[in-house]
Amino acid sequence: MANGDDEHTLDPGDWSAARALAHRAVDEAIDHLARVRERPAWREPPPSVHAFFDAPLPREATPLEQVYRDWQEQVRPYPMGNIHPRFWAWFMGAGNFTGALADFLAAVDGSNLGGGHTAPALVDRQVVRWLREMVGFPEGASGTLTNGGSAANLVALTVARNVKAAEAGVDVRAAGVTALPRPLRFYASEQVHSCHQKALEVLGLGRAALHLVATDAGHRIDLAALRSAVAEDRARGLQPAAVIASAGTVNTGAVDDLVAVGEFCRREGLWFHVDGCIGALLRIAPAHRHLVAGIEQADSLALDPHKWLHAPFDVGCALVRDAHAHHASFALHPEYLEEHARGIAGAPHLFDYGIELSRSFRALKVWMMLREHGVEAFGRLIAQNIAQAQHLAQRIAAEPALELMAPVATNIVCFRHRLPGADEAALKAFNTEILLRVQESGLAVPTDTTLAGRHSLRVAIANHRTRRADLDLLIDEVLRLGRTLA
């Protein structure tokens, strides 16, 4: 829009019209949330929608009213669906209205949280302190908000790499990983999330640096196998560096024995990292906090407020016990990024604790949600999901046609429909067809996985809108489809 001097701006030419459309959008967004149960849990975008997004680069302006209408017709009806009460795929929080409002306010504020002496930066630091307190990390620990758990784990493993390289006499930031006298090794259970392999690849250590360790019957890291792995690598001339413990595995929700792993790391001089993106916040649910006992002893921890805190995507967090090591791993101040005692650069830069120089104001949604509801409310919701998982497990155990495929450690239930006389391949095909039909019907969205070579349907209940009746609907539909397809 040009002004009277023929200079341009992106501000609306008619603020009254923009206000009217914004009010309408908010009203319709509230209706969208309030009526979420009336819609399918998932809908596949039809060919017409795919064709719409084949349009070429827009060269000329389109009225905002039309752009909004296209959003209504082409985008909003076909979301991921994780706000739906019967969405149980992978492991995703369900969002909430206050968090969505906060994202709007953060976008309007427009602050870049990379640095600066600003109130948004104070919000960011306070949210990190609150998360630190929730998991029991000491007051001197540092942290940074990220776009999710993969980035949070990458930040933590970067610090671990640099610290262990320094113990070997190498400043890896200056000399690179090729200067290491011995290859570093990181240890995790065979159930660890794939983001750790990616992290070690990105860090220049390669996938060979990740030594996967066997698990016990509960899908937790086998401590005897861990001890053997570390001893064998040392004997081969490698440098054991860190153990990545899982506070909630993605497959089954199993929690490694964090007390024992932490003690082992201290005896062996290893960095103790916990991937708590699924289960770290069990610590705020009083009846279940014992499951993550020892998490407060970790050298570093990754967690995801966009899971069990139900912040809208995206927000993760990396916490590091040694704040100096954390800062030393990322701080970089060229002449155009100097800090000053006064002025807008008169505060520590947040970008000194991660790889992002530009950072969104993602802290605001967590801050507003915790202020509105209080941390105890989120603890109750976690306990509610765990109770719902137990209800689902009991329903499965009571049905001769179904079988549980793994112990239910927290809120993830793995099961499948039996098919008498079928081998594993046939069972996988049978249950995959059940899965896809459930998804395509829009009734619910579970996913699947494979445990010890055995295919399984998987339900991860991390949704504050889920009710036990929703889980009963799933079981009824799986049984109906099983009868139809057998």
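Our subject in this report is the structure included herewith. (Residues numbered from 1 in each chain as written. Predicted model: local features only at pLDDT ≥ 70, side-chain atom pairs only at ≥ 80, totals over all residues. Heavy atoms only, no water.)

1. A closer look at the pattern of salt bridges
Opposite charge on two side chains lets them pair, provided their charged atoms get close. One pass over the structure, following the stated rule, counts 25 salt bridges. Measuring nitrogen to oxygen at the nearest pair gives 3.1 Å for the salt bridge that ties Asp470 to Arg86. Within this pair, whereas Asp470 is found in helix H15 (residues 468–485), its partner Arg86 is found in the loop between helix H3 (64–75) and helix H4 (97–109), the two being separated by 384 residues in sequence. Across the pair, Arg86 and Asp470 agree in class, each one buried. (Salt bridge = Lys/Arg side-chain N within 4 Å of Asp/Glu carboxyl O. Helix = DSSP H or I, 4+ residues; strand = E, 2+ residues; numbered from the N terminus. Buried < 20%, exposed > 50% of the residue type's maximum accessible area, 1.4 Å probe, protein only.)

2. Here's the deal with the sheet that holds strand S5 (residues 271–275)
Spatially, seven strands are ordered S1-S7-S6-S5-S4-S2-S3 in an open sheet, and the strand pairing comes out mixed. Of all strands in the sheet, those with a lone pairing partner are strand S1 (142–146) and strand S3 (210–213), marking the two edges. Neighbouring strand axes in the sheet, compared pairwise and without regard to direction, differ in orientation by 20 degrees on average. Examined bridge by bridge, strand S6 (residues 300–303) and strand S7 (residues 316–320) share four bridges and lie antiparallel to one another. Its bridge partner lying in S7, Ser300 is registered against Val320. Where helix H6 (residues 149–167) meets the sheet, it contacts S1, strand S2 (184–189), strand S4 (239–246), S5, S6 and S7, and its direction lies at approximately 175 degrees from that of S5. Packed onto the sheet, helix H11 (residues 323–330) meets S1 and S7 and runs at close to 45 degrees relative to S1. (Pairing = 2+ DSSP bridges. Axes fitted to C-alpha atoms, helices over the stretch in contact; angles between N-to-C directions. Contact = heavy atoms within 4.5 Å.)

3. A look at H4
Note on helix geometry: an α-helix contains 3.6 residues per turn, so any two residues three or four positions apart are oriented the same way. Spanning 13 residues, H4 covers 18 Å between terminal C-alpha atoms, matching the ideal 18 Å at 1.5 Å per step. Between the side-chain oxygen at the start of H4 and the backbone nitrogen of Thr98 there is a gap of 3.1 Å, and the oxygen is on Asn96. (Expected span 1.5 Å × (residues − 1). Polar contact = N/O pair within 3.5 Å; in protein donor to acceptor, adjacent residues only side chain to side chain.)

4. Quick notes on the sheet that holds strand S11 (residues 454–460)
Strands in a sheet are paired, the pairing made by backbone hydrogen bonds, and the direction either parallel or antiparallel. The sheet built from four strands is open, its strands ordered S8-S9-S11-S10 with antiparallel pairing. At either margin of the open sheet sits one strand with a lone partner, and together these are strand S8 (402–404) and strand S10 (447–451). Each adjacent strand pair in this sheet contributes to an overall mean axis angle of 40 degrees, direction not counted. As defined by bridge partners, S10 adjoins S11 across five bridges and the pair is classed as antiparallel. Looking at the pairing, Thr447 lines up with Arg458 of S11.

5. Structural notes on the packing of helix H14 (residues 424–441) against H15
How two helices pack is summed up by the angle between their axes together with the distance between the axes. Two elements in contact, H14 and H15, have axes separated by 10 Å at closest approach and are oriented at 125 degrees. Here H15 runs oblique to H14, going by the angle between their axes. When you trace H14 past H15, the crossing you get is right-handed. Contact with H14, carried on its side by Phe430, Glu433, Ile434, Arg437 and Val438, involves Leu474, Glu477, Val478, Leu481, Gly482 and Leu485 of H15 and no other residues of that element. Residue classes in the contact of H14 with H15 are distributed as seven nonpolar, one polar and three charged. (Parallel < 35°, antiparallel > 145°, perpendicular 65-115°, else oblique. Left-handed = near helix turned anticlockwise from the far one by under 90°. Nonpolar A, V, L, I, M, F, W, Y, C, P; charged D, E, K, R; others polar.)

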